[in-house]
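Okay, here's what each chain looks like letter by letter:
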Amino acid sequence: MQIDLIKGHGSGNDFLLIDEISNDYLFTEEDRANLAKVLCNRGNELGADGILFIMKSDRADGRMRVFNADGSEASMCGNGLRLVARYICELKGLNKAVIETMKANLKVMKQEDIFPQVHTYQVEISPVMFELKALPLNLPKPTLFNEKIKELSDELRFTALAVPNPHLIAIGETEMFQNNLQKELSEKVNGPNDLFPDGVNVSFVKPLEKGSIYVRTFERGVGFTNACGTAMSASSLVTCLTELNNYEKVINVYNNGGKVQCVVHKLDDTYSIDLIGNATYLYRASIQLALNEKTFSVTSRTELLEQRTYEKLQSAAQEVIKQTL
Ligand SMILES: N[C@@H](CCC[C@H](N)C(=O)O)C(=O)O
């Protein structure tokens with residue numbers, strides 16, 4: 001079977017985009033999970049953090065399904081949604097669109113370039129839920145806001161929220177990035193465990209000057225990634241709740257793959273976040289796939305050269321991170 005795909009990234013969080021609107025691939029659920037495991041494997045020629053399946057929707061301009069590299073399906077993906085936003089907008093000649101995701105129909109729009117010649121999209125991150133059952137997180141309380149979890153750390157304080165995929169956020173200083181703690185506790189809560197039966201994305205956040213933060217995320221189903229869009233959005237919200245940042249103001253979020261911007265909205269007790277950042281295509285490729293044998297070969301590959309301009313944004317972001325971490 002031949003499959004055409006695009007490899008792209010949002011803040012270095014890289015994905016394979018497979019268009020099921022223009023192609024009749026007829027994947028089964030098992031095929032999608034196996035495709036993610038086979039194609040995302042970094043030992044192969046493609047390799048990625050996940051696959052974005054772009055599908056028709058009867059209630060929106062298109063539909064996104066996201067599969068992590070381990071074959072698990074996630075309810076949402078912020079960096080991936082920017083890529084899907086670009087794909088749908090370009091396919092349909094739109095500047096704004098609505099994309100159906102597992103739990104919500106989300107508004108997306110083309111934005112002014114965040115850096116010269118870097119394709120930029122804004123996506124809505126919503127709904128936001130603090131009830132522990134939304135993650136789920138098994139603790140004998142309804143919510144967890146800036147509190148210790150004794151099974152994970154004696155010192156760190158965590159906030160748990162679903163946007164709607166699950167996130168655990170700890171805010172701290174440089175020292176928290178200088179040991180193995182994030183890896184160890186993330187592996188614990190993403191292996192068989194009683195606290196987070198479905199796993200969780202774990203982010204460590206360092207406030208920089210007001211209006212700027214640095215976020216590093218260990219993603220459920222993947223491991224450390226360069227960036228996680230929903231995690232950066234959730235982290236921005238937590239910094240507003242803790243009064244480190246302000247609602248309705250741009251927050252610059254630095255990450256190991258570059259920089260995005262978040263704007264947190266609060267209406268009574270309802271929150272949503274605008275996530276604004278790059279949607280960069282790396283190459284188009286065709287593969288010949290033998291899914292039963294879990295093998296494939298790349299039959300053509302066309303580089304798209306957008307990465308050259310993206311690298312300038314990335315170098316500027318890395319300079320900021322170097323000075324502050
Ligand atoms: N990288 C994504 C999130 C992908 C899903 C996540 N690993 C999960 O399982 O919830 C993002 O940019 O939000």
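Residues numbered from 1 in each chain as written. Predicted model: local features only at pLDDT ≥ 70, side-chain atom pairs only at ≥ 80, totals over all residues.

1. Quick word on the UniProt feature "active site" (unreviewed entry) in the chain
Within this numbering scheme, the UniProt entry marks C77 and C228 as carrying the feature "active site" (unreviewed entry). Over a stretch of 152 residues, the named residues converge on one spot in the fold, their C-alpha atoms separated by at most 7.7 Å. Here C77 shows up in the loop between β5 (73–74) and α2 (78–92). The exposure class of C77 is buried, given the 29 C-beta atoms found within 10 Å. When near neighbours in sequence (up to four residues on either side) are disregarded, C77 contacts G50, V66, G229 and T230. (UniProt positions renumbered as here; feature names shortened; annotations may be inferred. Helix = DSSP H or I, 4+ residues; strand = E, 2+ residues; numbered from the N terminus. Buried ≥ 20, exposed ≤ 12 C-beta atoms within 10 Å, placed from the backbone. Contact = placed C-beta atoms within 7 Å.)

2. Re unusual backbone geometry
Across the junction of S126 and P127, the peptide omega takes the value 0 degrees, indicating a cis bond. Looking at the secondary structure, you find P127 in the loop between β8 (120–125) and β9 (158–162). The amide bond that connects V163 to the next residue, P164, takes the cis arrangement and shows omega of -5 degrees. Note that P164 resides in the loop between β9 and β10 (166–171). Despite not being glycine, Q117 shows a phi value in the positive range, around 60 degrees. Assignment of secondary structure puts Q117 in the loop between β7 (105–110) and β8. Although it is not a glycine, D268 adopts a positive phi angle of roughly 55 degrees. Note on placement: D268 falls in the loop between β15 (258–267) and β16 (270–278).

3. Comments concerning the site of the ligand
Around the ligand, the surrounding shell holds 18 residues, and the nearest of these are A74, N79, N165, G229 and T230. Listed by contribution, the elements that provide at least two residues to the shell around the ligand are β4 (62–68), α2 and α4 (229–241). Of the residues assigned to the shell around the ligand, the class counts are five nonpolar, 11 polar and two charged. Looking at which domains feed residues into the shell around the ligand, each of domain 1 (2–126 + 279–324) and domain 2 (132–272) gives three or more. (Near = placed C-beta within 6 Å. Nonpolar A, V, L, I, M, F, W, Y, C, P; charged D, E, K, R; others polar. Domains from an automatic or database assignment.)

4. Points about the nonpolar core
By size, the foremost hydrophobic cluster in this structure holds 90 residues, and its most contacted members are L17, I51, L52, V84 and A85. When residues in this core are grouped by element, the largest group, seven residues, is from α2. Split by domain, the residues of this core number at least three in each of domain 1 (2–126 + 279–324) and domain 2 (132–272). Look past the residues within four positions of A85 in its chain and what remains in contact with it is A97, I99, V108, Y121, V123 and A279. (Core = buried A, V, L, I, M, F, W, Y, C linked by C-beta atoms within 7 Å.)

5. Some remarks on α2
With 15 residues, α2 ought to run about 21 Å at 1.5 Å a step, and its terminal C-alpha atoms sit 21 Å apart, in line with that. Burial runs high along α2: 12 of the 15 residues are buried. Inspection of α2 places G78, N79, G80, L81, R82, L83, V84, A85, R86, Y87, I88 and C89 among the buried residues, and these make up the whole buried set. Two residues or fewer past α2, G93 is found with a positive phi of approximately 65 degrees. (Expected span 1.5 Å × (residues − 1).)

6. Overview of the pairing of β9
With five of five residues buried, β9 is to be regarded as a mostly interior element. The alternating pattern of β9 places F158, A160 and A162 and T159 and L161 on opposite faces, both of which are buried. The turn linking β9 back onto β10 is made up of three residues. (Pairing = 2+ DSSP bridges.)

7. Things to note about the pairing of strand β18 (residues 295–303)
Judged by how many residues are buried, β18 sits mostly at the surface: zero of nine residues are covered. Here strand β17 (residues 280–290) pairs with β18 via eight bridges, running antiparallel. Bridge pairing in β18 places L289 opposite F296. Count of turn residues in the β17/β18 antiparallel hairpin: four residues, of which K294 carries a positive phi of about 55 degrees.

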